[in-house]
Amino acid sequence: MSNGAYASAYEQSIGDPNAFWGAAAEAIEWITAPTRALDDSNPPFYRWFPDGTLNTCFNALDRHVRDGRGEQVALYYDSPVTGTKSSLTYAELLDQVSRFAGALASLGVEKGDRVLIYMPMVPEAVVAMLACARLGAVHSVVFGGFAPAELSARIEDAKPKVVVSASCGIEPSRTIAYKPMLDGGLDRSEHKPEALIMLQRPQLEAEVGARDTEWEEMTWDDVMRDAEPAECVEVASTDPLYILYTSGTTGRPKGIVRDNGGHAVALRWSMENIYDIHPGEVWFTASDVGWVVGHSYIVYAPLLTGATTIVYEGKPVGTPDASAFWRIIADYGARAMFTAPTAYRAIKREDPEAKLLAGHDISQLRHVFLAGERLDPDTYHWANDLLHCEVVDNWWQTETGWPIAANLRGLEPMPIKPGSPSVAVPGYDVQILDEYGAPVPAGVDGAIAIKLPLPPGTLPTLWQDDERYVGGYLSVYEGYYLTGDGGMIDEDGYIYVMGRTDDVLNVAGHRLSTGSIEAALAGHPAVAECAVIGVADDFKGQVPRGLVVLKGGYDAATQGAQIAKELVQRVRDEVGAVASLKQVDIVAALPKTRSGKILRKTMREIADGKTPTIPGTIEDASVLDALAGVLRHTD
Ligand code: COA
Ligand code: AMP
């Protein structure tokens, strides 16, 4: 039965955002308390808590130590891939963060400067992020699975003063040296940082300072040895906290900007109202600090709440087996966990009856939250039946930083409908629009859009690119933010998200761009033109496939197989193994419209066994007919 808490919170958040978010802002400690929540003086740009000042790191660490949580564990580090476990109390984490902030400051890092962080799942990644927040510097974390091309695109755009990295990342099958990737990324960039700080890991140390570079290179231990702790720097609520690059359809990633004040307020609110996690409780997010889920729910939200977070350097399966999550939940007493549905599909595939649950007492676990890709009803039922706790879908994106749709377990738990992430979260006026921008009736599919203003914590713009922000998100339907997802809302207000309407890929919960994979393919000397499409996959949700037309002079019959192999390797080397491109087909031609647009969606539909939508503007329909066999064939 509804207790009305959701309806009244939702209504107030849309009808009187100043009152709603003004009250939520009281959970944050401000240096100058804001006098109003919403600044709507310059649409379509909206800002939150415009006259407030604060420090995000102070709210994540110092205030908890001051208020008596110094001895509480802030962070457990559990790394089956290195056989290491450790923990840091709030007092210890504060000590490390303030000293690393001092080290950065001594290298000249000041408020507003960018720091690029390229690290695996180690506590030092969290320390580096919070140290930037402490100084008012803007971090930009790059996922460790990305290779030089992705790194250089981010270096070029963010122009970091300092780069912080680690000598290696560890995958179950191999140890990945980060330094050659970084060298590759930096060598291709015109922008050069002033310094590079390298955390040496015993599994594989890097050569630091060996090359003749324009920047200084030093180790983490060196800079920490002499570091003087730095104090928190006061920043405006609207100052940037971080930039997180995400994939669009082109090869150039989008620099999502997160502000300080709105972000702190929204994440703190979400922990109790959506995730039902309270100060002092343990919370486990299995993701990576390189993704938005890691930023929000490994680092900032749990620490802003005074909860305990877990940094897990391992996989759901294979490190060593499919009981890894159950062990962590039981050992640390997690009250809830968060990951992507793929991770549960991996466990289900390996241990379909969840026999490995035996011996792990997870009875204190209240919820499993899943996001990052569509939660298919099979996986939902499997997890829900076996775990004896609620499995809760939630839908959001890097751009929003926290859920757009969820079943708000803290505010008012609602019945769960498998296949739907439930209802619009307070602050988000979600609507389904037709192609002309008119709202459609309940149950009818369309583009999922959010009426402006977006709530606190969501992107105010793209890094130094207001024009691309407006062009990419706000100009299709005036007054609305376009999510890029399609779906519908049912009569009870439950949202169903059916997938991207653009060419953005979602592979194992990892968001990837067709454009950057295509750029890597196109760089091969034999390639005349190419297209990448994302096709449905039972395990990863989607996997990319490449279709390539060879230049004259190359013979597909005799050279095609070798070239396809080189192309797969090329994408691993340039974009990263995480792109998961395994199949490249050499084809005679690609289907296009008369204006030259490649018909990726039509090809995707054929590959997925759906009835394809063939636009009337197709240049040559026989090209598509010739491709059908290739598209339906998987290696
Ligand atoms: N650094 C370097 N390489 C990485 C990497 C990292 N941080 N993360 C993944 N890779 C590599 C993998 O080793 C793999 O390499 P391979 O082709 O040589 O096997 C490749 O990238 C593809 O990785 P992935 O798509 O993750 O597949 P997988 O089979 O290794 O693992 C899962 C599958 C389900 C176990 C894994 O995707 C997972 O844990 N997903 C959880 C979801 C998640 O974290 N989502 C983030 C957003 S919430
Ligand atoms: P990212 O920016 O990496 O978080 O990816 C965001 C995209 O992932 C969204 O636009 C959706 O396409 C997809 N996504 C995330 N969560 C869900 C979900 N719960 N259900 C369906 N799709 C989701």
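Residues numbered from 1 in each chain as written. Chains lettered and ligands numbered in written order. Predicted model: local features only at pLDDT ≥ 70, side-chain atom pairs only at ≥ 80, totals over all residues. Heavy atoms only, no water.

1. Here we look at helix H15 (residues 514-522)
So, step 1. In terms of burial, H15 is a largely internal element, 7 of the 9 residues being buried.
So, step 2. Residues of H15 that are buried: Thr514, Gly515, Ser516, Ile517, Glu518, Ala520 and Leu521. (Buried < 20%, exposed > 50% of the residue type's maximum accessible area, 1.4 Å probe, protein only. Helix = DSSP H or I, 4+ residues; strand = E, 2+ residues; numbered from the N terminus.)

2. Details of the domain arrangement of the protein chain
So, step 1. Entries for the protein chain in the domain assignment read domain 1 (5-314 + 396-488) and domain 2 (508-632).
So, step 2. Taking only C-alpha atoms into account, the centre of domain 1 sits 33 Å from that of domain 2.
So, step 3. In this assembly, 19 residues from domain 1 lie in contact with 14 residues from domain 2.
So, step 4. Buried area between domain 1 and domain 2, both sides added, is near 1,200 Å², and the carbon and sulfur share of it is 46%.
So, step 5. On the domain 1 side of the interface with domain 2, the three residues burying the most area are Glu150, Ser247 and Trp291, jointly 33% of the side's total.
So, step 6. Ranked by residues supplied to the side of domain 1 that touches domain 2, first place goes to helix H6 (residues 148-158) with 3 residues.
So, step 7. Taken together, the residues of the side of domain 1 that touches domain 2 break down into 6 nonpolar, 9 polar and 4 charged. (Domains from an automatic or database assignment. Contact = heavy atoms within 4.5 Å. Buried area = accessible area lost by both parts, 1.4 Å probe. Nonpolar A, V, L, I, M, F, W, Y, C, P; charged D, E, K, R; others polar.)

3. Observations regarding the site of ligand 1
So, step 1. Looking at ligand 1, there are 24 residues lining it, with Glu171, Arg174, Pro316, Lys540 and Arg572 nearest.
So, step 2. Within the side chain of Arg174, one N or O atom sits 3.1 Å away from an oxygen atom of ligand 1.
So, step 3. Between ligand 1 and the protein, one listed contact pairs an oxygen atom with a side-chain N or O atom of Lys582 at 3.5 Å.
So, step 4. For ligand 1, whose free accessible area comes to 940 Å², the fraction covered by protein is 83%.
So, step 5. Among the secondary structure elements, those contributing two or more residues to the shell around ligand 1 are strand E10 (174-177) and helix H12 (341-350). (Near = heavy atom within 4 Å. Polar contact = N/O pair within 3.5 Å; in protein donor to acceptor, adjacent residues only side chain to side chain. Areas by Shrake-Rupley, 256 points an atom, 1.4 Å probe, with all protein chains shown as cover.)

4. Description of the sheet that holds strand E23 (residues 429-433)
So, step 1. What the 4 strands build is an open sheet, ordered E23-E24-E25-E26; its pairing is antiparallel. Here the strands that pair on one side only, and so sit at the sheet edges, are E23 and strand E26 (495-500). For this sheet, the mean angle separating the axes of adjacent strands, direction not counted, is 50°.
So, step 2. The pairing of strand E25 (residues 480-489) with E26 spans 5 bridges and is antiparallel. Paired with Gly487 across the strands is Val497, a residue of E26. (Pairing = 2+ DSSP bridges. Axes fitted to C-alpha atoms, helices over the stretch in contact; angles between N-to-C directions.)

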